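Next come the chains, spelled out residue by residue.
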Amino acid sequence: YVFHGIIEADSDAGPFSTKATGEYWVDGEREVARSHGETTLVESGETFEQTEIIVANVRYRSATEDDPASMVEAPWCYGVPAALTIACPGPTEESTKTVEAGRYDGKEAVVIVTAGTSRGSDETFAFTNKLYLDGETFLPIAMESEGTMDYGEVIPTRAVARYTTDFVRADSLPDDFFDPASI
C-alpha cells in the first residue's frame, strides 16, 4: 500500500493570502513520493501548479510557466514519508520542535509544535506551527500556523490546513507514477 493524503489550506497574510490544495502519495518502502499542488493568490486570482517526485534524496519538479523542470536535493531530515508531512527545516530556518498532547476537532491528538524564524534575501518570517496527528493512528489531521512576515513592513500571518488521509493499493497506480520522467 501507498500512503495518500489530500491537503486543503487557507492562509491569511494580507496581500500574500492564498488558498491551496495538494495531494501526495508516499511509498516509504521504496523511498519515493509524489505530490501535486495548486496555490491561488487570493488578491489577484493567479494560480500556480507544481508536481514533484522525490526519489531517495533527490526532488524532481515539473516545469512551470516561469521555471524549467528541475532536480535538486530533497529535504531528507526525517526520510521521504515524514518530510512531506512534517516538513524539514529550510536552509535558513532556526526552529525548535516540541511534542505535546492536545485535541483537534474533538479528537485526541499528538501536537508537534515548531517555532522559529526563517530568512530570505529581503524578508524574515517568524512562525509557530502546530501539526495535529490523530491520537490513535498518528496520521496528520490538521496544521495551524501563526506568525509574521517582515518585508520592511510587518504583516501578521495565519493559516489552517486540513488533511484527509488513506492508503491506496500500490498496484492501482500507473507503473511510472513515481518515475521523474512522467512529469
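Report follows, based on the coordinates. Everything numeric here is computed off the predicted structure, so don't read it as measured data.

Another aspect to go through is the overall build of the protein. Helix and strand counts for the protein come out as 1 helix and 11 strands. Moving toward the C terminus, one meets the helices and strands of the protein in the order β-β-β-β-β-β-α-β-β-β-β-β. The C-alpha atoms of the protein give a radius of gyration of 17 Å, which matches the 16 Å a tight globule of 183 residues would have. In terms of overall dimensions, the protein has a C-alpha envelope of 50 × 45 × 30 Å along the principal axes. Each of the 183 residues in the protein was classed as buried or not, and the buried ones make up 33%. Residue pairs at least 24 apart in sequence account for 38% of intrachain contacts in the protein once pairs closer than 6 positions are excluded. As displayed, the protein offers around 10,900 Å² of accessible surface, 51% of which is attributable to carbon and sulfur atoms. Averaging the positions of the 13 positive and the 34 negative side-chain charges in the protein gives two centres separated by 5 Å.

Here the focus is the side chain of Thr 18. With respect to the secondary-structure elements, Thr 18 resides in strand 2 (residues 18-27). A distance of 2.8 Å separates the side chain of Thr 18 from the side chain of Ser 11, its partner in a polar contact. Contacts of Thr 18, omitting those with residues within four sequence positions, involve Ala 9, Asp 10, Ser 11, Thr 39, Thr 40, Leu 41 and Val 42.

Taken as a whole and assessed by the stated rule, the structure comprises 7 aromatic pairs. Between the aromatic rings of Phe 3 and Phe 167, the centroid separation amounts to 5.4 Å while the plane-to-plane angle is 55 degrees, which identifies the pairing as tilted. Of this pair, Phe 3 sits in strand 1 (residues 2-12) while Phe 167 sits in strand 11 (residues 154-168), placing them 164 residues apart in sequence. The exposure class assigned to Phe 3 is buried, which follows from its relative accessible area of 11%.

A word on the side chain of Ser 118. Mapping Ser 118 onto the fold places it in strand 8 (residues 107-119). Take Ser 118: its relative accessible area is 18%, and that puts it in the buried class. Polar side-chain contacts of Ser 118 include one of 3.4 Å to the side chain of Thr 92.

Bringing the sheet that holds strand 2 into the picture now. Strand order in the open sheet formed by 11 strands is 6-5-4-3-2-1-11-10-9-8-7, with antiparallel pairing between adjacent strands. Taken across any chain shown, the strands that pair with only one partner, and hence form the sheet edges, are strand 6 (70-73) and strand 7 (94-104). Each adjacent strand pair in this sheet contributes to an overall mean axis angle of 20 degrees, direction not counted. Relative to strand 11, strand 1 runs antiparallel, the two being bridged by 11 bridges. Looking at the pairing, Phe 3 lines up with Phe 167 of strand 11.

The next thing to look at is the pattern of salt bridges. This model, assessed by the stated rule, comprises 5 salt bridges. Among the ionic pairs, Lys 19 bridges to Asp 10, the shortest N-O distance being 2.9 Å. Asp 10 sits in the partly exposed class, given a relative accessible area of 37%. In this structure, the salt-bridge partner of Arg 169 is Asp 171, at a minimum N-O distance of 3.0 Å.

Residues Phe 3, Ile 7, Tyr 24, Val 26, Ala 33, Ile 54, Ile 112, Leu 131, Leu 133, Met 143, Ala 161 and Tyr 163 constitute the largest nonpolar core, which totals 12 residues. Looking at this core, the elements that each hand over two or more residues are strand 1, strand 2, strand 9 (124-134) and strand 11.

Mapped onto the secondary structure, Val 32 falls in strand 3 (residues 32-41). Overall, Val 32 belongs to the buried group, its relative accessible area being 5%. Taking the C-alpha atoms as reference, Val 32 lies 29 Å from Thr 117; in sequence the two are 85 residues apart.

Criteria and cut-off values
- Residues numbered from 1 in each chain as written.
- Predicted model: local features only at pLDDT ≥ 70, side-chain atom pairs only at ≥ 80, totals over all residues.
- Heavy atoms only, no water.
- Helix = DSSP H or I, 4+ residues; strand = E, 2+ residues; numbered from the N terminus.
- Rg over C-alpha atoms; globule rule 2.2 N^0.38 Å.
- Buried < 20%, exposed > 50% of the residue type's maximum accessible area, 1.4 Å probe, protein only.
- Contact = heavy atoms within 4.5 Å.
- Areas by Shrake-Rupley, 256 points an atom, 1.4 Å probe, with all protein chains shown as cover.
- Lys, Arg positive; Asp, Glu negative; His and termini not counted.
- Charge placed at Lys NZ, Arg CZ, Asp CG, Glu CD.
- Polar contact = N/O pair within 3.5 Å; in protein donor to acceptor, adjacent residues only side chain to side chain.
- Phe/Tyr/Trp six-rings, centres within 6.5 Å; stacked < 30°, edge-to-face > 60°.
- Pairing = 2+ DSSP bridges.
- Axes fitted to C-alpha atoms, helices over the stretch in contact; angles between N-to-C directions.
- Salt bridge = Lys/Arg side-chain N within 4 Å of Asp/Glu carboxyl O.
- Core = buried A, V, L, I, M, F, W, Y, C linked by side-chain atoms within 4.5 Å.

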